[in-house]
Amino acid sequence: EAGVAQSPRYKIIEKRQSVAFWCNPISGHATLYWYQQILGQGPKLLIQFQNNGVVDDSQLPKDRFSAERLKGVDSTLKIQPAKLEDSAVYLCASSLNTNTEAFFGQGTRLTVV
Amino acid sequence: LAKTTQPISMDSYEGQEVNITCSHNNIATNDYITWYQQFPSQGPRFIIQGYKTKVTNEVASLFIPADRKSSTLSLPRVSLSDTAVYYCLVGDNGVNAGNNRKLIWGLGTSLAVNP
């Protein structure tokens, strides 16, 4: 069974630039999560989708971060403009539904210089 | 939202049993306890989940006392490949969770298994 796919694996950008991450969840998984994990810390939930609707985006910095999940499958997370403190690993996860275990992708390591 | 507290790091040797305890004093009635494992440069991986008493799978056991204010992840006979960060999470995961499942990730426990 294919896992959660994320791309790119690594990205280096200058501050104030824009960047986008892509996630393809496990087939059939209705729930999709984006997490930010800063080095040495646990993951922090940025946004949670149920199909193509947003369930929770309370910790998403909406002035610069945006995410969408058109058609309830793939998702993209965008940062515009990036700040130095956005340097982190961005993890995508999916689950069958909101009350089942989450499967994580390998993440995208973002470095903002 | 239940906050969890677990040791920052632990050391062990191959073949030993490792027990990682997590405290969650303000766990709610509907909250489940979930443990994830994370290797460097990888996303977390689900290990085990429980509500009360004891749960065992092919990887680990989870012990939860009656008051549910703490839980212990038990890894039998660890190997070098068990070196990872282990996260304890508490959140509403029951059938009545609706669409608001919130799991708060702490710093985790960094387990080092030595030869």
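See above for the structure.
The structure presented is a predicted model; accordingly, all values stated were derived computationally and were not measured.

**Things to note about the overall build of chain A**
Across its full length, chain A carries 0 helices and 11 strands. Listing every helix and strand of chain A by position from the N terminus yields β-β-β-β-β-β-β-β-β-β-β. For a compact globule of 113 residues, the expected C-alpha radius of gyration is about 13 Å, and chain A comes in at 13 Å, within 12% of that figure. Structurally, chain A occupies a C-alpha span of about 35 × 25 × 25 Å along its principal axes. Buried residues in chain A amount to 46% of all 113 residues. Counting only contacts in chain A whose residues sit at least 6 apart along the sequence, the fraction spanning at least 24 positions is 53%. Split by element, the accessible area of chain A, about 5,500 Å² in all, is 50% carbon and sulfur.

**So, the nonpolar core**
Formed by 21 residues in total, the largest nonpolar core has its most connected members in F21, W34, L77, I79, Y90 and L110 of chain A. Of all the secondary structure elements, the ones that give two or more residues to this core are β3 (19–24), β4 (31–37), β5 (44–50), β8 (75–79), β9 (88–95) and β11 (108–112) of chain A. Once residues within four sequence positions are removed from consideration, I79 of chain A is found in contact with Q17, S18, V19, F21, R64, F65, D86, Y90 and L110 of chain A. Grouped together as the second largest cluster of nonpolar side chains are 20 residues, V18, A60, A84 and V90 of chain B included.

**Here's the deal with the interface of chain B and chain A**
On the chain A side, the residues contacting the 19 residues of chain B number 23 residues. Together chain B and chain A conceal approximately 1,600 Å² of surface at their shared face, both sides included; 45% is due to carbon and sulfur atoms. Counting every contact that joins chain B to chain A gives 0 salt bridges. Tallied by class, residues from the side of chain B that touches chain A come to 7 nonpolar, 10 polar and 2 charged.

**Notes on the pairing of strand β3 (residues 31–38) of chain B**
In terms of residue burial, β3 of chain B counts as a mostly covered element, since 7 of its 8 residues are buried. Turn length for the β3 of chain B-strand β4 (residues 45–50) of chain B hairpin, with the two strands adjacent in sequence and antiparallel, is 6 residues, and the turn residue S41 of chain B shows positive phi of about 65°.

**Comments concerning the side chain of D31 of chain B**
Mapped onto the elements of the fold, D31 of chain B is located in strand β3. With no salt bridge to any partner, buried D31 of chain B finds its closest opposite charge in R68 of chain B, at an N-O distance of 5.9 Å.

**Describing the environment of I12 of chain A**
Residues and elements named next belong to chain A. Looking at where I12 falls in the secondary structure, it is placed in strand β2 (residues 10–13). Sequence separation of I12 and V112 is 100 residues, and the distance between their C-alpha atoms is 5.9 Å. What I12 contacts, discounting residues up to four positions off in sequence, is T111 and V113.

**Comments concerning the packing of aromatic side chains**
Under the counting rule described, the total for this entry stands at 11 aromatic pairs over all chains. Pairing F21 of chain A with Y90 of chain A gives two aromatic rings, centres 5.0 Å apart and planes at 25°, and the pair type is stacked. In this pair, F21 of chain A is assigned in strand β3 and Y90 of chain A in strand β9, connecting sequence segments 69 residues apart. Owing to a relative accessible area of 1%, F21 of chain A belongs among the buried residues under this scheme. Clustering of aromatic rings is evident, with ring pairs tying together Y33, Y35 and F104 of chain A together with Y36, F46, Y87 and W105 of chain B.

**So, the sheet that holds strand β1 (residues 5–7) of chain A**
All names here are of chain A. Strand order in the open sheet formed by 4 strands is β1-β3-β8-β7, and the pairing between neighbours is antiparallel. Of all the strands in the sheet, just β1 and β7 (65–68) have a single pairing partner and so form its edges. Looking at each pair of strands side by side, their axes are set apart by 15° on average, direction ignored. Note: β3 against β8, 5 bridges, orientation antiparallel.

**Side note on the sheet that holds strand β7 (residues 70–75) of chain B**
All names here are of chain B. Pairing is antiparallel across the open sheet formed by 4 strands, whose spatial order is β2-β7-β6-β5. The strands lining the two open edges of the sheet, one partner per strand, are β2 (18–23) and β5 (53–56). Strand-to-strand twist of the sheet, defined as the mean angle between neighbouring strand axes without regard to direction, takes the value 15°. Sheet topology note: the β2/β7 ladder contains 6 bridges and is antiparallel. The residue bridging I20 from the neighbouring strand is L73, located in β7.

Definitions and limits used
- Residues numbered from 1 in each chain as written.
- Chains lettered and ligands numbered in written order.
- Predicted model: local features only at pLDDT ≥ 70, side-chain atom pairs only at ≥ 80, totals over all residues.
- Heavy atoms only, no water.
- Helix = DSSP H or I, 4+ residues; strand = E, 2+ residues; numbered from the N terminus.
- Rg over C-alpha atoms; globule rule 2.2 N^0.38 Å.
- Buried < 20%, exposed > 50% of the residue type's maximum accessible area, 1.4 Å probe, protein only.
- Contact = heavy atoms within 4.5 Å.
- Areas by Shrake-Rupley, 256 points an atom, 1.4 Å probe, with all protein chains shown as cover.
- Core = buried A, V, L, I, M, F, W, Y, C linked by side-chain atoms within 4.5 Å.
- Buried area = accessible area lost by both parts, 1.4 Å probe.
- Salt bridge = Lys/Arg side-chain N within 4 Å of Asp/Glu carboxyl O.
- Nonpolar A, V, L, I, M, F, W, Y, C, P; charged D, E, K, R; others polar.
- Pairing = 2+ DSSP bridges.
- Lys, Arg positive; Asp, Glu negative; His and termini not counted.
- Phe/Tyr/Trp six-rings, centres within 6.5 Å; stacked < 30°, edge-to-face > 60°.
- Axes fitted to C-alpha atoms, helices over the stretch in contact; angles between N-to-C directions.

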